[in-house]
Amino acid sequence: MVDYPKQLVEQLDWHWREQLRPRLAGLTDDEYRWEPVPGCWNVRTREEARSAHAAGAGEMVMDYAFPEPAPAPVTTIAWRLGHIAVGIFGMRVSAHFGDGSVSYQTTDWPATADGGLALLDEHYARWLEEIGRLSETELARPCGPVEGPFSEEPFAALILHLNREAIHH
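The following refers to the structure shown.

1. Notes on the overall build of the chain
At step 1: Secondary structure assignment for the chain yields 6 helices and 2 strands.
At step 2: The linear arrangement of helices and strands in the chain, starting from the amino end, is α-α-β-β-α-α-α-α.
At step 3: Computed over its C-alpha atoms, the radius of gyration of the chain comes to 16 Å, within 12% of the 15 Å expected for a compact globule of 169 residues.
At step 4: Burial analysis of the chain (169 residues in total) assigns 45% to the buried set.
At step 5: Across the chain, contacts joining residues at least 24 apart in sequence account for 59% of those joining residues at least 6 apart.
At step 6: Approximately 9,000 Å² of the chain is accessible, and the part contributed by carbon and sulfur atoms is 55%.
At step 7: Side-chain charges in the chain split into 14 positive and 26 negative, and the spacing between the mean points of these groups amounts to 2 Å.

Structure representation (structure tokens):
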């Protein structure tokens, strides 16, 4: 018999341990916020925000717009780490296993690589812990209205989608 809860966790965690997280070891502050082309979305001070809906609870904000412009701007490592940490893991942990308070707007965005990696590690660990506790019955339940297009889909479909999101970024 296949242990589907274990397989869903292992799919993401293998990629995390073997590819994603080791490649971020030694990330410098300059690399973290480096803008390879003009017009990048980044994590920056509120005064320097370049997007219509720059979001954040503190001095630092993440460039963001809804709907996303076409073509989408090039994003920095800081932006992508923030997107994975908060947009993929943190908001889902908060919505499904917490109080629903985590969002782009409520996050105190880190200005440094160490801070960005700590935020990523924190939300990733919590996501992995929570989905690792789910039974097959819980994985089969609908996600609910908080997940928009995934509202009627089983929770396992959301986990697979978020695994793909984390892996492709």
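2. Digging into the nonpolar core
At step 1: One finds F89, W109, L120, W127, I131, F155 and I159 to be the most contacted residues of the largest nonpolar core, which totals 43 residues.
At step 2: For this core, the elements supplying multiple residues, two or more each, are α1 (4–23), β2 (60–62), α3 (77–97), α4 (113–132) and α6 (155–168).
At step 3: At 9 residues, α3 tops the list of elements feeding residues into this core.
At step 4: Ignoring anything within four residues of it in the chain, the contact list for I159 reads L8, W127, I131, L134 and L139.

3. Some words on the pattern of salt bridges
At step 1: If you walk through the whole model with that rule in mind, you get 10 salt bridges.
At step 2: The salt bridge partner of R50 is E35, with a shortest N-O separation of 2.7 Å. With R50 in the loop between β1 (43–45) and β2 and E35 in the loop between α2 (29–33) and β1, the pair connects residues that are 15 residues apart, well separated along the chain.
At step 3: Its relative accessible area of 48% is what places R50 among the partly exposed residues.
At step 4: Take E35: its relative accessible area is 25%, and that puts it in the partly exposed class.
At step 5: Across the pair R133 and E130 runs a salt bridge whose closest N-O atoms are separated by 3.7 Å.
At step 6: Judged by its relative accessible area of 54%, R133 falls in the exposed class.
At step 7: A residue is classified by how much of its surface remains accessible, and E130, at 9% relative accessible area, is buried.
At step 8: Among the charged side chains, a salt-bridge network with shared partners connects E35, R44, R50 and D63.

Cut-offs used in this document
- Numbers given to residues run from 1 along each chain, matching the order in which its sequence is written.
- Reporting of local features is limited, given that this is a predicted model, to residues whose pLDDT is at least 70; pairs of side-chain atoms are given and counted only at 80 or more, and all residues count toward the totals for whole chains, interfaces and linings.
- The side-chain numbers reported here are obtained from all heavy atoms of the structure, hydrogens and water having been left aside.
- Where helices and strands are cited, they refer to DSSP runs of H or I of at least four residues and of E of at least two residues respectively, numbered from the N terminus.
- Here the globule rule reads 2.2 Å times residues to the power 0.38, and the radius of gyration is calculated from C-alpha atoms.
- The buried label applies to any residue whose accessible area, calculated with a 1.4 Å probe on protein chains only, is under 20% of its type's maximum; exposed applies above 50%, and partly exposed to all values in between.
- Contacts are assigned to residue pairs that have any heavy atoms within 4.5 Å of one another.
- Values of accessible area rely on a 1.4 Å probe in the Shrake-Rupley scheme; residue burial ignores everything except the protein chains shown.
- When charges are counted, neither His nor the chain ends are considered; positive counts come from Lys and Arg and negative counts from Asp and Glu.
- The atom standing in for a charge is NZ when the residue is Lys, CZ when it is Arg, CG when it is Asp and CD when it is Glu.
- What we call a nonpolar core is a set of buried Ala, Val, Leu, Ile, Met, Phe, Trp, Tyr and Cys residues that are connected through their side-chain atoms within 4.5 Å.
- Throughout this description, the term salt bridge denotes a Lys or Arg side-chain nitrogen within 4 Å of a carboxyl oxygen of Asp or Glu.

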